[in-house]
Amino acid sequence: QVQLVESGGGLVQAGGSLRLSCAASGRTFSSYVMGWFRQAPGKEREFVARIRWSGGNTYYADSVKGRFTISRDNAKNTVYLQMNSLKPEDTAVYYCAAAQGLTTTPRAYDYWGQGTQVTVSS
């Protein structure tokens, strides 16, 4: 059974940092692309960042470029999202997901975690 389990969300003041983790299990993800998405109340789910399990190839949404960093630890089967200089508009539920191709489209991702709440206060 494939599982993606996010953790690390919470409440932080504007300008602060959080690191989200996504632990993957249940299959081999070495050929997959791992993505982070977020969804704020009343808004559509939007792409944040992605990375290949096998060789980096990172890509970011313009809204987070220079502030967020995606990385992975193959030995731990875990993907991370380091979020710095957080802004109130970063408040959302953050999801990790796995896809078989380089894509930023949510419907192209096959597996999803349950999400973790990030709240940034002003």
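Residues numbered from 1 in each chain as written. Predicted model: local features only at pLDDT ≥ 70, side-chain atom pairs only at ≥ 80, totals over all residues. Heavy atoms only, no water.

**Some points on the packing of aromatic side chains**
Think of a pair of aromatic rings as described by two things: how far the centres are apart, and how the planes are tilted against each other in angle. In the structure shown here, the tally under the stated rule is nine aromatic pairs. Between F37 and Y109, the ring centres sit 4.9 Å apart and the planes meet at 80 degrees, which makes this aromatic pair edge-to-face. With F37 in strand β4 (residues 33–39) and Y109 in strand β10 (residues 109–112), this pair connects stretches of sequence that are 72 residues apart. Here the aromatic rings of Y95 and W112 are separated by 6.3 Å at their centres, their planes lie at 80 degrees, and the arrangement is edge-to-face. On the criterion of sequence distance, the pair formed by Y95 in strand β9 (residues 92–99) and W112 in strand β10 is long-range, its members being 17 residues apart. Put simply, the rings of F37, F47, Y59, Y95, Y109 and W112 touch in pairs and so form one group of aromatic residues. We note R45 situated over the ring of Y95; from NZ or CZ to the ring centre the distance is 3.8 Å. One Lys or Arg, R45, reaches over the ring of W112 and ends 4.7 Å from the middle of that ring. (Phe/Tyr/Trp six-rings, centres within 6.5 Å; stacked < 30°, edge-to-face > 60°. Helix = DSSP H or I, 4+ residues; strand = E, 2+ residues; numbered from the N terminus. Lys NZ or Arg CZ within 6 Å of the ring centre and 35° of its normal.)

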